Structures are given as C-alpha cells and as structure tokens.
Amino acid sequence: MKTILVTGGTGFIGSHTCVELLKAGYQVVVMDNLSNSKADVVKKIETITGRTVPFYRADLLDVPSMDRIFREQKIDAVIHFAGLKAVGESVEKPLLYYQNNVSGTINLCEVMHKHDCKTIVFSSSATVYGMHNPVPMTEDMPTSATNPYGYTKVMLEQILTDLHTADPAWSVMLLRYFNPIGAHESGLIGENPNGIPNNLLPYIAQVALGKLPCLGVFGDDYDTVDGTGVRDYIHVVDLALGHIAACRYAFSHKGVEIVNLGTGSGTSVLQMIKAYEKASGRAIPFAIRPRRAGDVATCYADTQKAKDLLGWTAQRDIDQMCKDSWRFTVQNA
Ligand code: WQD
C-alpha cells in the first residue's frame, strides 16, 4: 500500500484530498505548519475515514523537520499543497511569498531527492494563465502572472520541469486548479479562511450566515453574460478525486504533465449569488463595486486532457457545491 505525504494537508483542498486518498486505499501522512488551518482537521479526516493519519507540524523552511518525516515514514510520493496563497498579501509581502513558496518547495524537493522519493503532484493554479489567454484555457498556452503569488506558481512549474529534465527519474504532475468551492458532505471539513475572506464563496457564505452585511460585486461592466466576472467553479471533492487520478498516473509514468482541473463551464458572480440563495434559503444583499485589480472577465478550463490522460471529469454541479458549502457553514458557524 503506497504512502503519500500531503503537505498542507489540514488546509481546504489538502484535507479533502486526504479523505479521498484514504478512501482509495493509500496510507496518508500529513505535514502542515498550521499558519492558515487547525490541527483538529486531522481528527476530522480520521473521523470521516475511520483511518489513522500521522501528523507532523512542520514548515517548508525547516529542513530538519521535513527530513524527520522521511526518516520516520516510508514516503512513496508527495502531494504538495503547502504554500501562501493570498493574492493581495503577496503584493504587500513579495519576499515572504518567494521565500515560503519557492525556497520552501526547493527545500522539499531536496529532502525528497535525499530519500529517493521522486514523485510529486504539485498544486498549481489557473492563475498562471494570466490576463491575455482566450477561453477555454488549454495547458499549452503561455503562462504569466499579475502578482507575486501567481509568479510563484509560474516559477515552481518551471523549477519542477527543470528538475525532471536534469533527472528523468522524477515524475511530476502540475495540476492547475480553477476555482475550488464546496465541502465534504459530512459538513466536518470545508473552507474556513482566517479573517475576512478574499474569495467569493466564503464571503457569500458569511453574508448568508449574517456575519457580514453585504457582498461587494467587483464590477458589472465586463463583457460577460451579465457584466460580472465569470469563473470555472469546481467542487472540492471533484478536485480531490482529480488528485487521486493524478497520483495513479504518476506512479506508472515518469516525466512532466500539466493538467487543468476544472469543469469546463463558467458561472458569473450574479449567477452564483442566485445559486447560493437557492441552496441556503437566505437573501444575499450585494452592491456593485469597482473592478478589482488583476481580475480577468472570464476564466474557465478546457478539460479534454484531464479526461484523456487521467480518465477524470468533474461530476458535481453548482447547486451541489452551494448546498455542501452551506451545510459546512451552518455546522461550523
Ligand atoms: C471570483 C469572482 C471576482 C470576491 C482566486 C485567485 C486564484 C485562485 C482562486 C489560488 C471574480 C468576484 C470575489 C468578492 C467579487 N487561488 N468577487 N466579490 O480571483 O477567480 O481566483 O482564487 O490559487 O489564484 O486569484 O477567485 O473568488 O477571488 O473571485 O465580486 O468579494 O468573484 O471579481 O470575478 P479568483 P475569487
């Protein structure tokens, strides 16, 4: 039975991926520095799956603590979620983001190499498609970024590609997520950001709950169905299952593969508000605000490669995403 180290495993996408890995029969070890999540998520993963999960509180910049994990556990592959991901914060603190995300990942790869573990599934992002690519996004398009966070993803895709070029024994999966939302059906794990949410869904959830008074809609003059931003929202459980498919592929292939994980369809902000009102039975007051810097009008995935290479497609629709998000929000209010 193969063992997967999940860095950032107490986070939103990481915790859902741990659940699906365990259900698929893998052993899972979690590493997290708890900078944006809580240790009790490990217990919730164990409750959902009935399995034991070793947890190491460790940081990407603390090489000895990562080395200890590989000395104590026989790690066959790493799914690497750990990283800072707030776009606005990255503009204010670029060195923090380059050090943590880029240097930290280099540290991880060096420890992996030392312990002869050369299979990595990396958490990249649709953000690398930048502002100038047409939709639907395909994996062969040029990459760019509009902020240091996005540049860390662009750089890390290049670093991991170069690592394989230098040592073909590596198997590298670069997974580009679109907009992950929703929660596990148990309501035990979900998206629980610290402070005021940056992203649309956790913000809408807080408004539905009554914890925030009104949603600001960042622009209604885009060239879209109703003028508001259109994105490819994907259920976090579908995203987690995409990682299982990527792991399976990585264990039987060497090389580098870039794969979009999205649904291939777009939803506007106003359409999302309506869907959430339907799922929650609550009104979502909103006000139109100026556009947010760095936002594109429309972004959604071409999903053909994920289907052809991994045999994976997203199954859950927007209504399911909102229903599962609302259940988690109410249960964890
Ligand atoms: C979605 C839509 C906003 C908040 C971000 C990161 C990206 C990735 C996914 C990590 C846009 C609008 C939002 C609000 C709004 N994260 N919006 N009011 O920007 O597509 O992607 O999360 O990899 O890197 O950039 O997601 O949820 O912030 O915005 O109107 O209060 O909702 O303008 O059209 P985004 P988002």
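It should be emphasised that the depicted structure is a prediction, and the values quoted were computed from it without experimental measurement. (Residues numbered from 1 in each chain as written. Predicted model: local features only at pLDDT ≥ 70, side-chain atom pairs only at ≥ 80, totals over all residues. Heavy atoms only, no water.)

(A) Just the overall build of the chain, in detail. Secondary structure assignment for the chain yields 11 helices and 14 strands. Each principal axis of the C-alpha atoms in the chain carries an extent, and together these give about 55 × 40 × 40 Å. In the chain, buried positions account for 53% of the 333 residues. Nonlocal contacts in the chain, meaning residues at least 24 apart in sequence, comprise 80% of its contacts between residues at least 6 apart. Here the chain displays about 14300 Å² of accessible surface, and carbon together with sulfur accounts for 51% of that area. The chain carries 31 positive and 34 negative side-chain charges, and their two centres are separated by 6 Å. (Helix = DSSP H or I, 4+ residues; strand = E, 2+ residues; numbered from the N terminus. Buried < 20%, exposed > 50% of the residue type's maximum accessible area, 1.4 Å probe, protein only. Contact = heavy atoms within 4.5 Å. Areas by Shrake-Rupley, 256 points an atom, 1.4 Å probe, with all protein chains shown as cover. Lys, Arg positive; Asp, Glu negative; His and termini not counted. Charge placed at Lys NZ, Arg CZ, Asp CG, Glu CD.)

(B) Layout of the sheet that holds strand 4 (residues 77–80). Taking strand neighbours across the sheet as the criterion, the 7 strands line up as 3-2-1-4-5-6-11 in an open arrangement whose pairing is parallel. In this open sheet, the two strands that pair with only one neighbour each are strand 3 (55–57) and strand 11 (255–261). Pairs of neighbouring strands in the sheet enclose a mean axial angle of 20°, with direction left out of account. Sheet topology places strand 6 (residues 171–177) next to strand 11; 7 bridges connect them, and they run parallel. Residue pairing in the sheet places Tyr-177 in a bridge with Leu-261 of strand 11. (Pairing = 2+ DSSP bridges. Axes fitted to C-alpha atoms, helices over the stretch in contact; angles between N-to-C directions.)

(C) Here's a closer look at the site of the ligand. Within the structure, the ligand sits among 18 residues, and Tyr-149, Leu-200, Gly-216, Arg-231 and Asp-295 are positioned closest to it. Here an oxygen atom of the ligand and a side-chain polar atom of Asn-179 are 3.0 Å apart. A total of 680 Å² of accessible area belongs to the ligand in isolation, and the protein chains cover 87% of it. Counting residues per element, the shell around the ligand draws most heavily on strand 8 (residues 215–218), which supplies 4 residues. Classifying every residue of the shell around the ligand gives 8 nonpolar, 7 polar and 3 charged. (Near = heavy atom within 4 Å. Polar contact = N/O pair within 3.5 Å; in protein donor to acceptor, adjacent residues only side chain to side chain. Nonpolar A, V, L, I, M, F, W, Y, C, P; charged D, E, K, R; others polar.)

(D) How the structure looks around the side chain of His-80. Secondary-structure assignment places His-80 in strand 4. Its relative accessible area of 1% is what places His-80 among the buried residues. Side-chain polar atoms of His-80 contact the side chain of Thr-7, separated by 2.7 Å. In terms of polar contacts, His-80 uses its side chain to reach the side chain of Thr-105, at 2.9 Å. Excluding its chain neighbours within four sequence positions, the residues that come into contact with His-80 are Thr-7, Leu-60, Thr-105, Leu-108, Ile-120, Val-121, Phe-122 and Ser-123.

(E) Examining the pattern of salt bridges more closely. Applying the stated criterion across every chain, the model contains 17 salt bridges. When the shortest N-O distance is used, the salt bridge between Arg-292 and Asp-295 registers 3.1 Å. (Salt bridge = Lys/Arg side-chain N within 4 Å of Asp/Glu carboxyl O.)

(F) Representation of the environment of Ala-126 within the structure. You can see Ala-126 is positioned in the loop between strand 5 (119–125) and helix 6 (148–166). Of the residues examined, Ala-126 reaches a relative accessible area of 9% and is grouped as buried. Between the alpha carbons of Ala-126 and Asn-179 there is a distance of 8.2 Å; along the sequence they are 53 residues apart. Those residues in contact with Ala-126 that sit more than four places away from it in its chain are Arg-176, Tyr-177, Phe-178 and Cys-299.

(G) Structural view of helix 7 (residues 200–209). Counting buried positions over the 10 residues of helix 7 gives 8, a clear majority of the element. Taken as a whole, helix 7 has its buried residues at Leu-200, Leu-201, Pro-202, Tyr-203, Ile-204, Ala-205, Val-207 and Ala-208. One or two steps after helix 7, the chain reaches Gly-210, where phi turns positive at roughly 90°.

(H) A look at the packing of helix 9 (residues 269–280) against helix 11 (residues 318–331). For the pair helix 9 and helix 11, interaxial distance at closest approach is 9 Å and the crossing angle is 55°. When the interaxial angle is binned, helix 9 and helix 11 end up oblique. Note that helix 9 runs across helix 11; the crossing there is right-handed. Contacts from Met-272, Ala-275, Tyr-276, Lys-278, Ala-279 and Ser-280 of helix 9 reach helix 11 at Ile-318, Asp-319, Cys-322, Lys-323, Ser-325, Trp-326 and Thr-329. (Parallel < 35°, antiparallel > 145°, perpendicular 65-115°, else oblique. Left-handed = near helix turned anticlockwise from the far one by under 90°.)

(I) Layout of unusual backbone geometry. Residue Pro-136 is bonded to the preceding Val-135 through a cis peptide linkage, with omega at -5°. Note that Pro-136 resides in the loop between strand 5 and helix 6. Non-glycine residue Leu-34 carries a positive phi angle of around 60°. Structurally, the position occupied by Leu-34 is in the loop between strand 2 (27–32) and helix 2 (40–49). Residue classification places Leu-34 among the buried positions, given a relative accessible area of 17%.

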